[in-house]
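# Geometric and topological summary
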Amino acid sequence: MADIKIIRIFGGYLEPGITAEISYTARKEEKQMSGVLCSLQTELSLCMENNAGLLLHKTHTETVPRFSPDSRIIKLNCATEGTVIKGTVTNLSAQSREINVYMITETSI
């Protein structure tokens, strides 16, 4: 049986235009990534260490919170069990602020 979990893979305070690195190792029970959710006004790139291809490349999030967070999920479908997820996130806002990136995963229980 699988359970859906939302796991923060990045959280940090970024100045305008600053890019930070993301590195997260998925636990053995985190079997499948079904999506990513991140703060508004960001640019996100993600890849998996065991895969030469990019999952996301310079993907921009909305600048206006017109939609509820669940409708802003970037849908993905990839196995994650024990994999290192790497990438970058950039603050596109004109203000310094807290930036968060969350992985939505199916977890075996």
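Before any of the text, the structure's been laid out above.
Residues numbered from 1 in each chain as written. Predicted model: local features only at pLDDT ≥ 70, side-chain atom pairs only at ≥ 80, totals over all residues. Heavy atoms only, no water.

### Quick look at the pairing of strand S6 (residues 74-79)
We apply this condition: Three labels apply to residues, based on accessible area from a 1.4 Å probe with only protein chains included: buried if under 20% of the type maximum, exposed if over 50%, partly exposed otherwise in between. A run of H or I in DSSP counts as a helix once it spans at least four residues, and a run of E counts as a strand once it spans at least two, with each numbered from the N terminus. Two strands pair under a simple rule: DSSP has to find at least two bridges between them.
Covered by surrounding structure in S6 are Ile74, Leu76 and Cys78 only, the residues Lys75, Asn77 and Ala79 on the alternate face being uncovered. Inspection of the sheet shows strand S3 (residues 30-38) paired to S6 by four bridges, in the antiparallel sense. What sits directly across from Val36, in S6, is Ile74.

### Topic: the nonpolar core
In plain terms, the rule: The criterion is simple. A nonpolar core is a set of buried Ala, Val, Leu, Ile, Met, Phe, Trp, Tyr and Cys residues joined through side-chain atoms within 4.5 Å. Contacts are assigned to residue pairs with any non-hydrogen atoms lying within 4.5 Å of each other.
Counting 23 residues, the largest nonpolar core has Ile22, Leu44, Val89 and Val101 as the members making the most contacts within it. For this core, the elements supplying multiple residues, two or more each, are strand S1 (2-14), strand S2 (19-25), S3, strand S4 (42-48), S6, strand S7 (84-91) and strand S8 (97-108). At four residues, the largest contribution of residues to this core is made by S1. The contact partners of Ile22, leaving out residues within four places of it in the chain, are Ile9, Phe10, Leu44, Leu46, Ile85, Lys86, Gly87, Thr88, Val89 and Val101.

### Focus: the sheet that holds S7
To keep things clear, this is the line we draw: Where helices are involved, their axes are fitted lines through C-alpha atoms of the stretch in contact, as for all axes, and angles between N-to-C directions lie from 0 to 180°.
Strand order in the open sheet made by the four strands is S2-S7-S4-S5, with antiparallel pairing throughout. Because the sheet does not close on itself, it has two edges, and the strands there are S2 and strand S5 (54-60). Strand-to-strand, the axes of this sheet are offset by a mean angle of 15°, without reference to chain direction. Bridge count between S2 and S7: seven bridges; the pairing is antiparallel.

### Topic: unusual backbone geometry
Residues other than glycine seldom take positive phi values, yet Gln41 does so here, at roughly 55°. For Gln41, the location among the structural elements is in the loop between S3 and S4. The class for Gln41 is partly exposed, based on a relative accessible area of 25%.

### Focus: the pattern of salt bridges
Which entries qualify depends on this criterion: The term salt bridge refers to a pairing of a side-chain nitrogen on Lys or Arg with a carboxyl oxygen on Asp or Glu at a separation within 4 Å.
Evaluation of the coordinates by the stated rule reveals three salt bridges. For Glu30, the salt bridge is made with Arg27, and the minimal N-O distance between the two is 2.8 Å. Here Lys31 makes a salt bridge to Glu81, at a shortest N to O gap of 3.2 Å. In this pair, Lys31 is assigned in strand S3 and Glu81 in the loop between S6 and S7, connecting sequence segments 50 residues apart. Overall, Glu81 belongs to the partly exposed group, its relative accessible area being 41%.

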